[in-house]
Amino acid sequence: MTETGSHAGAEDMLAHRIARYACDFDAEALPDAVTACVRQRLLDSLACIVGAYDAGPVRIAREIAAQVPVDRAGVFGAAARTTPDLAAFANGVMVRFLDYNDGYMGAEPGHPSDNIPACIAVAQGEGASMREFIAAAVIAYEVQMRLQDAASLNGRGWDHAGYILPACAAAASRLMGLDIARATEAINLAINGHIPMRQVRSGTLSDWKGCSAANAARNAVFAAGLARAGMTGPAPIFEGEMGFFRQVTGPFALNVDAFGSPANGDYAILRSLTKTFPTNGELHTAIWAAIELRGRIADPAAITAIRIDTSEFNARVLADAEKWHPTTRETADHSLPYNVARALLDGDITLDSYSPESIADPVARSLMVLTEVNEAPELTALFPAMLANRVTVELASGERMTSEVRTGPGGREQPMHDADFARKFGKMAAPHLDAAAQEAVLAFVATLERQTCFDPLFDAMKGDRQS
């Protein structure tokens, strides 16, 4: 593609290299396994979307989108259409609200499927082909996950949604058909004005915990639109004197030439992880351990002590002071002691595990009082390749039981399959969509590459909702 108006010397800068990767990406050479993975991640995202239809933040996001009625991009569960950036936000809130969408842990955690709603919205707005949508999704995963591998954000007080900004800007630029120079400007613009703070995931968590990533995607789409119109952004955005390296992460190296391609087949999306519980991904193995112990304990009332051995990250992020006294869903689903207590009581974690009644349950609270959380250096050493946890319970009889789980369903060693994603979608969709609508969604995703637009998917996902 031709380049116009680029900053002097930009070719060696990271934003330019990412933009070049996105613009030159070969959409026709994707291996079947990568396309199949996009189908799975899309269906997984749709399960999260429909499961969140009645959530308060989702209703607010829909209301905001409805204030700008433009026939460009759909909003799931609504008849109205809106601008791509507002659709990216509303649909992104739905994907993220339940904390049930996919994830990836590198030096920084994150949820690369947060980019999928924005890719759908821009593809609709641009009339892009389904092959281009698939390519854009793979590009977004590639950029975000490689950045997650490269450097931590949370350790310096920034939120992981910061990596969605360049990832989604690159994907949106591809869908808009921008040249490399303007795609570079989209990345510059997206990053400079929109880096989110980590306070969104610190202390008592608010509605914005499920909205921060969607907002980053919205800002990235808007930035790509500005760049298309000719707006330039601060550069070099990563390497500059007041840029991303100095202000946010510290310096790091990123070999964009090693990003996924037909030459190496190393597409990052294949390493993303999916969830079997609607909760934080790093504590899934603690839940599995607690469920295994629950099967060996006749009566949870006999528990006199609980010890959770975990990684440094989990001890710091999932067992800080507020996580011992959760009052909101957002805090409870990120609480290591709460989820272990709930799993020991119920033998499962479901959406109901985070109802106000469940969070306030005095029996669960009493188990949390008996709980201690400790960093185990040997589990930290496994992190992030394995998100291991060890749970030990002591009973009134003096008996001690331990269960250590290093990986589980949805992990790299035990990936979910098409049937698993279909079951997950059916479970989330049952209260909202009839059997025919559910089958229409599954059929759309199964034949994604042959679809010509997203309208049939939005029609099926709407069910009997009119607004």
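Above: the structure in question.
Here is a short report on the structure shown in this document. It should be emphasised that the depicted structure is a prediction, and the values quoted were computed from it without experimental measurement.

## Concerning the overall build of the chain
Thought 1: The helix and strand tally for the chain stands at 20 helices and 8 strands.
Thought 2: Relative to the globule expectation of 23 Å for 467 residues, the C-alpha radius of gyration of the chain, 22 Å, shows essentially globular dimensions.
Thought 3: Each principal axis of the C-alpha distribution contributes one length, and for the chain these read about 75 × 50 × 40 Å.
Thought 4: The 467 residues of the chain split such that 60% are buried.
Thought 5: Long-range pairs, those at least 24 residues apart, make up 76% of the contacts in the chain between residues at least 6 apart in sequence.
Thought 6: Of the roughly 17,000 Å² of accessible surface on the chain, a fraction of 53% belongs to carbon and sulfur atoms.

## With respect to the nonpolar core
Thought 1: Counting residues in hydrophobic clusters, the biggest one holds 123 residues, and the most contacted among them are Leu 46, Phe 76, Phe 133, Phe 238, Phe 425 and Met 461.
Thought 2: Among the elements that take part in this core, helix H6 (residues 130–150) stands out by supplying 13 residues, more than any other.
Thought 3: Sequence-distant contacts of Phe 133, defined by excluding residues within four places in its chain, comprise Ile 116, Cys 119, Ile 120, Ala 123, Leu 175, Leu 448 and Phe 454.

## A word on the pairing of strand E5 (residues 303–310)
Residues in a regular strand project their side chains so that they alternate between the two faces of the sheet.
Thought 1: Pairing of E5 with strand E7 (residues 389–395) involves 6 bridges; the strand directions are antiparallel. Among the inter-strand pairings, Ile 306 is bridged to a residue of E7, identified as Val 393.
Thought 2: Relative to strand E6 (residues 371–375), E5 runs parallel, the two being bridged by 5 bridges. Residue Ile 308 lies in a different strand from E6, and its bridge partner there is Val 373.

## Some points on unusual backbone geometry
Thought 1: Following Ala 235, the chain continues to Pro 236 via a peptide bond in cis, the omega torsion being -5°.
Thought 2: On the secondary structure map, Pro 236 appears in the loop between helix H9 (212–228) and helix H10 (244–249).
Thought 3: A cis amide bond links Phe 383 with the next residue in sequence, Pro 384, at an omega value of 5°.
Thought 4: Within the secondary structure layout, Pro 384 lies in the loop between helix H17 (377–382) and E7.
Thought 5: Even without being a glycine, Asp 99 presents a positive backbone phi close to 55°.

## Here's the deal with the side chain of Lys 275
Thought 1: Turning to its location among the elements, Lys 275 is positioned in the loop between H10 and helix H11 (284–294).
Thought 2: For Lys 275, a relative accessible area of 3% gives the class buried.
Thought 3: Among the polar contacts made by the side chain of Lys 275, one reaches the side chain of Asp 99 at a distance of 2.5 Å.
Thought 4: The residues contacting Lys 275, other than those within four sequence positions of it, are Asp 99, Tyr 100, Asn 101, His 111, Asn 280, Gly 281, His 284, Met 416 and Lys 424.

## What about the packing of aromatic side chains?
Thought 1: Across all of its chains, the model carries 14 aromatic pairs by this definition.
Thought 2: With centroids separated by 6.2 Å and ring planes inclined at 45°, the aromatic side chains of Tyr 163 and Phe 244 adopt a geometry described as tilted. Separated by 81 residues along the polypeptide, Tyr 163 in the loop between H6 and helix H7 (164–176) and Phe 244 in helix H10 bring together distant segments of the chain.
Thought 3: Of the residues examined, Tyr 163 reaches a relative accessible area of 0% and is grouped as buried.
Thought 4: For the pair Phe 277 and Trp 288, a centre-to-centre distance of 4.9 Å together with 55° between the ring planes defines the contact as tilted. Here Trp 288 lies in helix H11 and Phe 277 lies in the loop between H10 and H11, a separation of 11 residues in the sequence.
Thought 5: For Phe 277, a relative accessible area of 2% gives the class buried.
Thought 6: Taking the relative accessible area as the measure of exposure, Trp 288 reaches 26% and is therefore partly exposed.

## What about the state of the cysteines?
Thought 1: One pass over the structure, following the stated rule, counts 0 disulfides.
Thought 2: Just so you know, Cys 37 is unpaired, no disulfide at all, and the nearest cysteine sulfur is the one on Cys 119, 14 Å from it.
Thought 3: The thiol sulfur of Cys 48 is not disulfide-bonded, and the nearest other cysteine sulfur, from Cys 37, lies at 14 Å.

## Things to note about the sheet that holds E5
Thought 1: Strand order in the open sheet formed by 4 strands is E6-E5-E7-E8, and the pairing between neighbours is mixed. Among the strands making up the open sheet, the edge pair consists of E6 and strand E8 (400–405). Taken over all neighbouring pairs, the strand axes of this sheet differ in orientation by 15° on average, direction set aside.
Thought 2: One ladder, built from 6 bridges, connects E7 with E8; its direction is antiparallel. Following the sheet pairing, Thr 392 is matched in E8 by Thr 402.

## Focus on the pattern of salt bridges
Thought 1: A full pass over the atoms with the stated rule returns 30 salt bridges.
Thought 2: A salt bridge links Asp 455 to Arg 81, with the shortest nitrogen-to-oxygen separation between them at 3.5 Å. Of the two residues, Asp 455 sits in helix H20 (residues 455–462) while Arg 81 sits in strand E2 (residues 81–82), which places them 374 residues apart along the sequence.
Thought 3: Using a relative accessible area of 26% as the deciding quantity, one classes Arg 81 as partly exposed.

## Quick look at the pairing of E8
Thought 1: Side chains Met 401, Ser 403 and Val 405 project from E8 onto a buried face, and the interleaved Arg 400, Thr 402 and Glu 404 project onto a face without burial.
Thought 2: In sequence, E7 turns back onto E8 through a hairpin of 4 residues, with Gly 398 there showing a positive phi of about 95°.

## Points about the environment of Phe 76
Thought 1: Secondary-structure assignment places Phe 76 in the loop between strand E1 (73–74) and E2.
Thought 2: Given the relative accessible area of 1%, Phe 76 is considered buried.
Thought 3: The spacing of Phe 76 and Val 50 is 26 residues in sequence and 8.0 Å in space, taken between C-alpha atoms.
Thought 4: For Phe 76, the residues in contact, after removing those within four places along its chain, are Leu 46, Ile 49, Tyr 53, Arg 62, Asn 91, Met 94, Ile 120, Leu 457, Phe 458 and Met 461.

## A closer look at helix H16 (residues 362–369)
Thought 1: Residues Ala 364, Leu 367 and Met 368 constitute the buried set of H16. The arc that holds the buried residues of H16, viewed along the axis, is 100°, so those residues lie on one side. Residues Pro 362 and Val 369 are exposed on H16 and point more than 90 degrees away from its buried face.
Thought 2: Those residues of H16 that are buried lie in contact with E5, helix H14 (336–346) and E6.
Thought 3: The residue sitting at the N-terminus of H16 and contributing the capping side-chain oxygen is Asp 361; that oxygen lies 3.0 Å from the backbone nitrogen of Val 363.

Cut-offs and rules
- Residues numbered from 1 in each chain as written.
- Predicted model: local features only at pLDDT ≥ 70, side-chain atom pairs only at ≥ 80, totals over all residues.
- Heavy atoms only, no water.
- Helix = DSSP H or I, 4+ residues; strand = E, 2+ residues; numbered from the N terminus.
- Rg over C-alpha atoms; globule rule 2.2 N^0.38 Å.
- Buried < 20%, exposed > 50% of the residue type's maximum accessible area, 1.4 Å probe, protein only.
- Contact = heavy atoms within 4.5 Å.
- Areas by Shrake-Rupley, 256 points an atom, 1.4 Å probe, with all protein chains shown as cover.
- Core = buried A, V, L, I, M, F, W, Y, C linked by side-chain atoms within 4.5 Å.
- Pairing = 2+ DSSP bridges.
- Polar contact = N/O pair within 3.5 Å; in protein donor to acceptor, adjacent residues only side chain to side chain.
- Phe/Tyr/Trp six-rings, centres within 6.5 Å; stacked < 30°, edge-to-face > 60°.
- Disulfide = S-S within 2.5 Å.
- Axes fitted to C-alpha atoms, helices over the stretch in contact; angles between N-to-C directions.
- Salt bridge = Lys/Arg side-chain N within 4 Å of Asp/Glu carboxyl O.
- Arc of directions from axis to C-beta.

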